[in-house]
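Letter by letter, the chains look like this.
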Amino acid sequence: MRSLLLTAAKQPMPNLRAAFGKICRMLVGLQERKIKQESVLLSRSLQNLPDPESPPYLEITTLDRHYSEEDLLNIHNEALAGTSGFKRAGSLQLEAFKASPHHDPKGVLIARIDGVAVGYCFARYIPDGPSKITGLAVLNNYRGMGIGRALLIRGLHYLRQRGADRVQLLVDLDDSTRSFYEQLGFEPEKDPPHPRW
Ligand SMILES: CC(C)(COP(=O)(O)OP(=O)(O)OC[C@H]1O[C@@H](n2cnc3c(N)ncnc32)[C@H](O)[C@@H]1OP(=O)(O)O)[C@@H](O)C(=O)NCCC(=O)NCCS
């Protein structure tokens, strides 16, 4: 089944490609359902954002300008290993990610140092509801240098520039990164995350 799906992904026919993307999204959605049930929904307004900032050695680019989609998988697999609910990501997850109706390569921010990708932030603009940060990760050896903060602030500015006025994200119930987001103005929402978050 998996090899059939991967073969289909390489086909140039757009309909087949779209169908393949839908199947990947469905499979990945089933895998992620439990993780979402154990998460807290944080949100903040997109007014009064801190100014975009980044250390001088850091370049922040976007997926449409970056040379390798696989770098997203490498960062995910290294940075999130050991976190609750971690699942190694591969072609299936990458296809599901790109098949989302809200996928926007310009909202996929990639931090690079000397051309090497060291972190990402996924900022998804949703026209008919709160926009979302669906991923943020920095490679272990590059943490504590202000990269995560710089990526997140850049993502928030991007969403505001697209027209969003509010942003949401999910963190694990017992995750220390919650305080990282709270430093940047995020607060818990009363409503639990929607199953289709
Ligand atoms: C969370 C993460 C992206 C932070 O990236 P980073 O580049 O190390 O963060 P920064 O260096 O920009 O830190 C900014 C501030 O947040 C604090 N901070 C960073 N990570 C933190 C954490 N895990 N818990 C609490 N505070 C944290 C820093 O101390 C710093 O505070 P300061 O400004 O007072 O010095 C990174 O630790 C990571 O990739 N973690 C694994 C993936 C993950 O958990 N992602 C979030 C899923 S919701």
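Up top is the structure.
Residues numbered from 1 in each chain as written. Predicted model: local features only at pLDDT ≥ 70, side-chain atom pairs only at ≥ 80, totals over all residues.

## A look at unusual backbone geometry
Phi at Asn48 takes a positive value of approximately 55 degrees, unusual for a residue other than glycine. Considering the arrangement of structural elements, one finds Asn48 in the loop between β1 (39–45) and β2 (58–62). For Asn48, a count of 7 C-beta atoms within 10 Å puts it in the exposed group. In the Ramachandran plot, Asp114 falls in the positive-phi region, its phi being about 50 degrees despite a non-glycine side chain. You can see Asp114 is positioned in the loop between β3 (108–113) and β4 (116–124). Note on Asp114: 7 C-beta atoms within 10 Å, which makes it exposed. (Helix = DSSP H or I, 4+ residues; strand = E, 2+ residues; numbered from the N terminus. Buried ≥ 20, exposed ≤ 12 C-beta atoms within 10 Å, placed from the backbone.)

## Observations regarding the environment of Thr134
Structurally, Thr134 can be placed in strand β5 (residues 131–138). We classify Thr134 as partly exposed; it has 19 C-beta atoms within 10 Å. Sequence separation of Thr134 and Leu170 is 36 residues, and the distance between their C-alpha atoms is 7.6 Å. Thr134 has contacts with Phe122 and Arg124, leaving out every residue within four places of it along the chain. (Contact = placed C-beta atoms within 7 Å.)

## Thoughts on the sheet that holds strand β6 (residues 166–172)
Here seven strands make up an open sheet; going across it, the order is β2-β3-β4-β5-β6-β1-β7 and the pairing mixed. Edge positions in the sheet fall to β2 and β7 (187–188), since each of these pairs with one other strand and no more. In the packing of helix α5 (residues 147–162) onto the sheet, the strands contacted are β2, β3, β4, β5 and β6, and the crossing angle to β4 comes to about 35 degrees. (Pairing = 2+ DSSP bridges. Axes fitted to C-alpha atoms, helices over the stretch in contact; angles between N-to-C directions.)

## Section: the pairing of β3
Two faces make up the sheet, and in a regular strand the side chains alternate between them. With five bridges joining them, β2 and β3 adopt antiparallel strand pairing. Looking across to β3, one finds that Leu58 is bridged to Ile113. The sheet contact formed by β3 and β4 spans six bridges and is antiparallel. Within β4, the residue paired with Ile113 across the bridge is Val116. The loop that links β3 with its antiparallel partner β4 comprises two residues; one of these, Asp114, has a positive phi angle of about 50 degrees.

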